[in-house]
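So the chains spell out like this:
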Amino acid sequence: MTITQQEKKYLQIAMPAALEGVLMILLCNVDLIMVGVLGTSAIAAVSIFTQPRMMILCLARSLASAVTLIAAKFFGMDLKDKASEILKQTLFVGAILLGIIHAGFFVYLDKILLWMGAQVEYLPLAMEYAQLAVVAVYFTSLTAILQAVMIGFGDTKSVLLTNVQGNILNVILNALLIFGLDLGVKGAAIGTVAGTFYTLAYTVKILHGNKIFASGSFLPTKKYFKDFLPIFGGVFSEQGFERVGMVLYTRMVAELGVVPYAIHSICMNFCDFYYSFSGGLGKAGMVLAGQSVGKKNFDDWKNYLEVGMKFGLIFSVAAFVFIFVFRTEILSLYSNDAEIFALGSLIMIIVAAVSLPEAYALIGAGILRGSGRTSQVAIYSLVSIAILRPIITYIFISVLELGLLGAWIALAIDQSLRAKISWTLINNLQKSKNAEKIIFQDTSVE
């Protein structure tokens with residue numbers, strides 16, 4: 001099969017980002033497997049912090065996504081210095097806001113975990129882990145902002161190498177602290193803090209070597225807020241709606257009990273493998289669409305649209321076949337508990353089936369963001385994730401009494417709906433009589 005120039009460039013950006021996502025989840029799953037040796041309560045205690053962590057990261061990832069979008073457009077315009085200035089000012093604002101938010105979470109951590117559905121029987125373990133893990137999330141938040149400009153320039157390879165190194169250190173330290181020093185879940189948290197700090201420090205080193213901090217001021221200007229806030233607002237709304245939906249969803253699942261929640265955590269952790277891989281495809285679509293907008297090249301925009309659809313289908317079919325065929329072997333990596341196996345095997349079939357809409361939802365959202373349609377993504381995210389998914393989940397769990405199976409059916413419906421909406425919006429945009437004018441009208445980041 002002959003690979004076109006556009007496909008080659010797409011894969012050069014997509015594959016490091018996709019592989020980074022997979023390797024990061026792999027290393028996180030190694031963590032979960034190590035913690036799993038400590039028992040089902042330990043799995044639940046560590047897993048219950050996932051949604052609070054994602055809530056905290058919502059602001060950081062929104063700031064980072066906005067920086068990536070702007071950096072991609074500046075890259076297309078050949079104005080890298082302006083992207084560097086945006087990064088420095090965003091880092092200044094983000095470090096202060098994120099510091100305040102992390103401090104608030106630390107103070108009210110026990111109440112937050114209980115609100116998330118933590119059971120009293122494993123709350124002390126959850127607190128032991130989460131109090132240190134909050135520090136790690138702050139390091140991760142700053143790293144996300146710093147790496148955003150690298151992604152916007154298409155340098156996903158450096159991001160891959162840096163993040164994987166930090167997580168390998170995390171896993172090694174976890175093994176030593178959990179088993180060698182017998183520190184339990186606290187050892188897992190200490191390893192995470194060390195790994196995330198390494199990633200942050202190494203990212204700063206790379207950016208300093210590339211003279212990213214050489215020009216411009218860290219202090220934000222009025223023009224910065226004028227250019228940045230509209231883009232950030234759309235991304236943050238989308239991220240916020242997703243977090244609200246996921247928090248409500250996870251809380252309903254957590255209330256099913258320790259064993260169902262442990263099964264859910266295992267299946268969700270493995271589901272995150274392909275979700276993260278697809279996130280890399282979505283990043284490539286966002287970056288290349290943004291660069292095409294910066295260049296005002298409509299042919300490039302259409303070509304990368306087709307490339308994204310093609311590789312989304314190829315990788316999704318492969319993921320479905322792999323997960324469906326090896327679902328029993330996958331579960332056995334996490335637990336040999338017969339109670340977990342019975343329901344877990346059924347849930348893994350849904351994990352396999354959701355691969356296709358999941359990938360197309362992420363790729364479509366990435367292209368829309370890169371094309372300046374962040375508000376559209378925010379609106380349908382509000383409807384699908386924050387409103388419909390919790391309602392459907394409640395109906396399946398409480399009204400139809402389908403338990404954990406119902407929760408996963410609700411997830412599949414949500415992913416399918418988002419995939420359908422995103423690609424309908426893209427097709428309508430592409431077929432519009434004034435498509436070029438609409439897509440290229442927003443280059444205000446100059």
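As a reminder, the structure under discussion sits directly above these lines.
Everything numeric in this text was worked out from a predicted model, so none of it was measured.

Asks: Which parts of the structure should I look at to understand the overall build of the chain?
Replies: When you go through the chain residue by residue, the secondary structure sums to 17 helices and zero strands. Taking 446 residues into account, the globule formula puts the C-alpha radius of gyration at 22 Å, and the chain, at 21 Å, falls close to it. The C-alpha extent of the chain, read off along each of the three principal axes, is 55 × 40 × 40 Å. The buried share among the 446 residues of the chain stands at 56%. For the chain, the proportion of contacts with a sequence separation of at least 24, taken over those separated by at least 6, is 83%. Counting every atom, the chain has about 18,300 Å² of accessible surface; 66% of that belongs to carbon and sulfur. Charged side chains in the chain number 32 positive and 28 negative. The centres of these two groups are separated by 10 Å.

Asks: Looking at this structure, I do not really get the packing of aromatic side chains. What am I missing?
Replies: The geometry of an aromatic ring pair is captured by the separation of the ring centres together with the interplanar angle, meaning the angle of the planes. Across all of its chains, the model carries 13 aromatic pairs by this definition. Aromatic pair tyrosine 224 and phenylalanine 225: ring centres 5.2 Å apart, planes at 70°, arrangement edge-to-face. For tyrosine 224, a relative accessible area of 4% puts it in the buried group. For phenylalanine 225, a relative accessible area of 34% translates into the label partly exposed. Relative to phenylalanine 315, the ring of phenylalanine 277 lies with its centre 5.0 Å away and its plane at 70°, an arrangement referred to as edge-to-face. You can see phenylalanine 277 sitting in helix α10 (residues 258-295) and its partner phenylalanine 315 sitting in helix α11 (residues 298-325), a full 38 residues away along the chain. When its relative accessible area of 9% is taken as the criterion, phenylalanine 277 is described as buried.

Asks: Looking at this structure, how should I read the nonpolar core?
Replies: A general trend in soluble globular proteins is that nonpolar side chains are found buried together. Counting 71 residues, the largest nonpolar core has Tyr10, Val149 and Phe228 as the members making the most contacts within it. Broken down by element, this core gets its largest block of residues, 11 residues, from helix α3 (residues 50-77). Residue contacts for phenylalanine 228: discarding those within four places in its chain leaves Leu63, Ala66, Val67, Ile70, Ile86 and Thr90. Formed by 57 residues, the second largest nonpolar core is a distinct cluster that contains Met34, Val171, Met246 and Val253.

Asks: Honestly, the pattern of salt bridges in this entry has me stumped. Any pointers?
Replies: Applying the stated criterion across every chain yields a total of four salt bridges. Between aspartate 414 and arginine 389 there is a salt bridge whose closest N-O contact spans 2.7 Å. On the criterion of sequence distance, the pair formed by aspartate 414 in helix α16 (residues 403-431) and arginine 389 in helix α15 (residues 374-399) is long-range, its members being 25 residues apart. With a relative accessible area of 2%, aspartate 414 lands in the buried category. In this structure, arginine 418 and aspartate 414 form a salt bridge, with 2.8 Å as the shortest nitrogen-oxygen distance.

Asks: Please clarify how unusual backbone geometry should be interpreted in this entry.
Replies: A negative phi angle characterises most non-glycine residues, just as the trans form characterises most peptide bonds. Backbone geometry at glutamate 401 places phi at a positive 55°, although glycine is not the residue there. Residue position: glutamate 401 is located in the loop between α15 and α16. Looking at glutamate 401, the relative accessible area reads 65%, which means it is exposed.

Asks: It is not clear to me how a nonpolar patch on the surface should be interpreted in this structure. Could you clarify?
Replies: A grouping of Ile379, Val383, Ile387, Leu388, Ile391, Tyr394, Ile395, Val399, Leu400 and Leu402 is seen on the molecular surface, where their side chains present a nonpolar patch of about 850 Å² in accessible area. With relative accessibility at 38%, the residue valine 383 sits in the partly exposed group.

Asks: Would you explain helix α14 (residues 355-370) in this entry?
Replies: With 16 residues, α14 extends 23 Å from end C-alpha to end C-alpha; this agrees with the ideal 22 Å at 1.5 Å per step. Most of α14 is tucked away: 15 of the 16 residues are buried. Directly beyond the C-terminal end of α14, a positive phi value near 85° is found at glycine 372.

Reading the values: the criteria
Residues numbered from 1 in each chain as written. Predicted model: local features only at pLDDT ≥ 70, side-chain atom pairs only at ≥ 80, totals over all residues. Heavy atoms only, no water. Helix = DSSP H or I, 4+ residues; strand = E, 2+ residues; numbered from the N terminus. Rg over C-alpha atoms; globule rule 2.2 N^0.38 Å. Buried < 20%, exposed > 50% of the residue type's maximum accessible area, 1.4 Å probe, protein only. Contact = heavy atoms within 4.5 Å. Areas by Shrake-Rupley, 256 points an atom, 1.4 Å probe, with all protein chains shown as cover. Lys, Arg positive; Asp, Glu negative; His and termini not counted. Charge placed at Lys NZ, Arg CZ, Asp CG, Glu CD. Phe/Tyr/Trp six-rings, centres within 6.5 Å; stacked < 30°, edge-to-face > 60°. Core = buried A, V, L, I, M, F, W, Y, C linked by side-chain atoms within 4.5 Å. Salt bridge = Lys/Arg side-chain N within 4 Å of Asp/Glu carboxyl O. Patch = residues over 30% accessible without salt bridge, like charges linked within 9 Å, V, L, I, M, F, W, Y side chains within 5 Å. Expected span 1.5 Å × (residues − 1).

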